[in-house]
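# Architecture at a glance
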Amino acid sequence: MSELDAALETFAQEAEELLTEMEDSLLILEDTPDDSETINSVFRAMHTIKGSSGLFGFNLIVAFTHEAETILDQVRNGERSIDASLISTLLSCKDHTIKLLEFCFESPDADLPEDLQQTGDILIEQLTGQAKQEQLAVTTGTTEIENEGGDLSADNWLISLDFQQDALRNGMDPLSFIRYLKTLGEIKQILTSTPDLPSGNDMDPESCYLQFKILFKSDADKQTIEEVFEFASDDCDIKILPPDSQVEHYLNLLNTQTEEHVSLLGEMLIEAGAITKNDIDKALDAQSKQDPEQNEPAKPLGEILVEQQVIQQPVVEEALKKQEKTRQKVATESSYIRVDSNKLGQLINLVGELVISGAAMNLMVERHGLADVEEVATSMNTLVSDIRDTALELRMVQIGETFSRFRRVVRDVSKELSKDIELTISGGESELDKTVVEKINDPLTHLIRNSLDHGIESPEQRVQAGKPATGNISLNAFHESGHIVIQIIDDGAGLDSEKIVAKAINNGLITSAEEMSQQEIFNLIFEAGLSTKQQASSLSGRGVGMDVVKRNIEALRGSVNIDSIAGQGTTITIHLPLTLAIIDGFMVKTEHERYIIPLSMVEECVEMDAQEYEIDEIQHYVNLRGEVMPYLRLGDYFQNRKSHSKTGRESLVVVRFGQTKAGFVVDELLGEHQTVIKPLGKVFQSLKGITGATVLGDGNVALILDVQGLIRHATKNKQRIPSQLTSVA
Amino acid sequence: MAKTIMIVDDSASIRQVVGIALKSAGYDVLEACDGKDALSKLTGQKIHLIITDVNMPNMDGITFVTEAKKLPQYKFTPMMMLTTEAGTDKKMAGKAAGAKAWLTKPFQPPTLMAAVSKLVLP
């Protein structure tokens, strides 16, 4: 055994003894943590092993025991306290040291196996990690708070003050500002540092070398906090970093900013309160001070702001995103031109005339059999119909803007009624003619106010009914076969059909409700003089509105329907034509009169002798391939002079409006026709079954059918006849 | 011991209102009606804050601040300028002379107290 081996042997023994002693001491410390002699013996164990290991070249052990020794030294000096968790970590350290020793004795020059290395790392982390936390609580050193205070920065402002040397000479007392700061909130922690303090003779006792980092808890906004240091701004470098909890607040504010024009990044951030004008000025200053000779592109302002620690990265990112979005929006907006809507109206009128003269020309071409002109006429027809579509599209606007106006209505009214109501909007991108949009605003307002007032219950009633206290009204729009459908859906109490019936009988609207469907009963509320709410309120009035609403909608060639489930809510559905000017029509003829049916409502046409359907003349229904629907003989309805000898076969045109279908029996099908709608004069406005007229190519007038009204009539016929029959029988 | 604040203004009413506000907050107040008057009152005093108007007869505020800063005794004394809204130039001139704090006229007593308490406590 060489001398070195002998020494090693001694070391092994000594280490074993020391570690055993260390374990004993640690266990004693668990009961008497303040016993300085015991702490000393634990320290000594690590200290001695470290020293001896160094002599033998066991650097692994040196490295590990050094960490433990450092901690124990702090404990010994009273810089940190010893507690249960530290004791258990130290016990593990002792075990680990034994393993390290065993390993080093067996293979002195080998690398440490991974598992040992890992255990060591974890233990060191535990030791130093604990140490760091402790230190923050007791020292006033120059620790960087940002790195450690993950939870501290969450709702605290971080204010960095770096006073210039002239501050005191200018009468600025750092302490006064900090005292004043306390009037705005709570100072959680102040770290004072003097990194620039020169030593000895270089130090000027009149100069200020102080730097402060302040964790500050306050509800004040950034501007207010900055104003505290207003006077010091010349003599102090001030950085105010908002708490992390504010970041979300700023993000929200950024999102609510208008998108009308592209703002500068700085302006957006100032508006959100995330930074102050001062921050921007400094950042701009820094930006302009960049060395122009380096030929590098100027650093983005956002980057400088983050670098200067006045704002968090995510806020800048969000602002930039928002800026880009606005820029795009403004860019698309700027490609619009504003046109007087009267001019557009004029254009559409002219296009209408063009369509009519086009039709006239077609007729002439046909009548004179001009084969060579026909081709030209056809291509012109295509162009005319393209022009028509484009012209009409010019007036198409999205309904979304009209919808979003109701946000305010809902907000105000629900406040007035002390109800809690949300508005959900969908389908705002659906387009329809501007003239229709303008005219639908009032009826919609009325219907929504009605839903707010009568539909949605008070929060108490809602909770009692087991519904969420917040009511919901949703506005929905979508396209359906040449129409736009607008729905107002509330999740309120629903309609009380019994009340409606009682009231309707009371007011003489109906005599009994026996034969009425639920839907028909609900639709009674659109009749004049019916209000089910006992007390009329200032909002929905006394039932003088719903019939007006219905009239207004029908004046737009639309319809309104209501459906409701008691306790679950009400749905009001409005069908509106997309445009009031020109439509694709389907022309039919009975006797000598020609009629136009809007093409979008035509389902199919069937010839009378096709055996596909049978007409029940008595019960007034038609059976089309098994489907039963009411029908109407247009010639009879309009009381056209009947020629006694029937020349041709009759045809059936199947029309659909919403969910209802009906058949119109006509003498002749004339085919598609571009129809320019001309309103009827006042004299004819009360005529039923007709919504307008159009001028045909030959100068004659054709009437445009009110399909919806005719379907209703046909449906009534179908129901009335059987009941009359039974009464006769 | 209460801190002493000197108010220099040629308007007696301003001196009075400022004096009342400061006294009720616990400060001792010295008044002077212009720069010259103020300079003559500086000696033998311990003043913790000087609030001075800019436009005054005999000696204006900026000259006064410059002169006062030359006195070793007042080297560290904070000085506050009373400026008008349009007087950005004056503000800069005041800052250059050594009056780092300012208050824009017209002001209400609470604003005055907030500004003062950033500099000295009673």
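Provided above is the structure to which this section pertains.
What this report covers is the structure whose coordinates are included nearby.

## Considerations on unusual backbone geometry
Look at Ser418(A): it is not a glycine, yet its phi comes out positive at around 40°. Relative to the assigned elements, Ser418(A) resides in the loop between helix 16 (400-416) and strand 6 (421-426). Accessibility expressed as a C-beta count within 10 Å gives 8 for Ser418(A), which makes it exposed. One non-glycine residue, Asn58(B), lies in the positive phi region at around 65°. Judged by the 14 C-beta atoms lying within 10 Å of it, Asn58(B) falls in the partly exposed class.

## Things to note about the packing of helix 16 of chain A against helix 17 (residues 434-455) of chain A
Residue and element names in this part refer to chain A. Contact geometry of helix 16 with helix 17 gives a least axis separation of 10 Å together with a crossing angle of 30°. In this view, helix 16 runs roughly parallel relative to helix 17, as classed from their interaxial angle. As helix 16 packs across helix 17, the resulting crossing turns out to be right-handed. Residues Thr402, Phe406, Val409, Val410, Val413 and Ser414 of helix 16 touch helix 17, and the partners they reach there are Val437, Asn441, Thr445, Ile448, Arg449 and Leu452. Counted by class, the contact of helix 16 with helix 17 contains seven nonpolar, four polar and one charged residues.

## Description of the sheet that holds strand 22 (residues 701-705) of chain A
Residue and element names in this part refer to chain A. Ordered by their spatial adjacency, five strands build an open sheet running 20-12-13-22-21, and the pairing between neighbours is mixed. Each of the sheet's edge strands pairs with one partner strand only, and the pair in question is strand 20 (668-676) and strand 21 (690-695). Averaged over all pairs of adjacent strands, the angle between their axes in this sheet comes to 35°, without regard to strand direction. The pairing of strand 12 (residues 582-590) with strand 13 (residues 593-598) spans six bridges and is antiparallel. When the bridges of strand 13 are listed, Thr590 appears paired with Glu593. Taken strand by strand, helix 14 (residues 341-368) contacts strand 12, strand 20 and strand 21, and its axis lies near 145° from that of strand 20.

## Looking at the nonpolar core
Residues Met6(B), Ile51(B) and Met80(B) are the most contacted members of the largest nonpolar core, which totals 69 residues. For this core, the leading source of residues is strand 1 (residues 157-163) of chain A, giving five residues. Setting aside residues no more than four positions away along its own chain, Met80(B) makes contact with Leu49(B), Ile51(B), Ala99(B), Ala101(B), Trp102(B), Leu103(B) and Ala115(B). One finds Ile583(A), Tyr595(A), Tyr621(A) and Tyr631(A) within the second-largest nonpolar core, a separate group that totals 41 residues.

## Let's talk about helix 10 (residues 265-272) of chain A
In an α-helix there are 3.6 residues to a turn, and that puts residues three or four apart on one side. If you check which residues of helix 10 of chain A are buried, you get Leu265(A), Met268(A), Leu269(A) and Ala272(A). Viewed end-on, helix 10 of chain A has its buried residues packed into an arc of 95°, placing them on one side of the element.

## Overview of the environment of Gln16(B)
Within the secondary structure, Gln16(B) sits in helix 1 (residues 12-24). Its 13 C-beta neighbours within 10 Å are what place Gln16(B) among the partly exposed residues.

Conventions used here
- Residues numbered from 1 in each chain as written.
- Chains lettered and ligands numbered in written order.
- Predicted model: local features only at pLDDT ≥ 70, side-chain atom pairs only at ≥ 80, totals over all residues.
- Helix = DSSP H or I, 4+ residues; strand = E, 2+ residues; numbered from the N terminus.
- Buried ≥ 20, exposed ≤ 12 C-beta atoms within 10 Å, placed from the backbone.
- Axes fitted to C-alpha atoms, helices over the stretch in contact; angles between N-to-C directions.
- Parallel < 35°, antiparallel > 145°, perpendicular 65-115°, else oblique.
- Left-handed = near helix turned anticlockwise from the far one by under 90°.
- Contact = placed C-beta atoms within 7 Å.
- Nonpolar A, V, L, I, M, F, W, Y, C, P; charged D, E, K, R; others polar.
- Pairing = 2+ DSSP bridges.
- Core = buried A, V, L, I, M, F, W, Y, C linked by C-beta atoms within 7 Å.
- Arc of directions from axis to C-beta.

Spatial relationships are all this shows, so hold off on functional conclusions.
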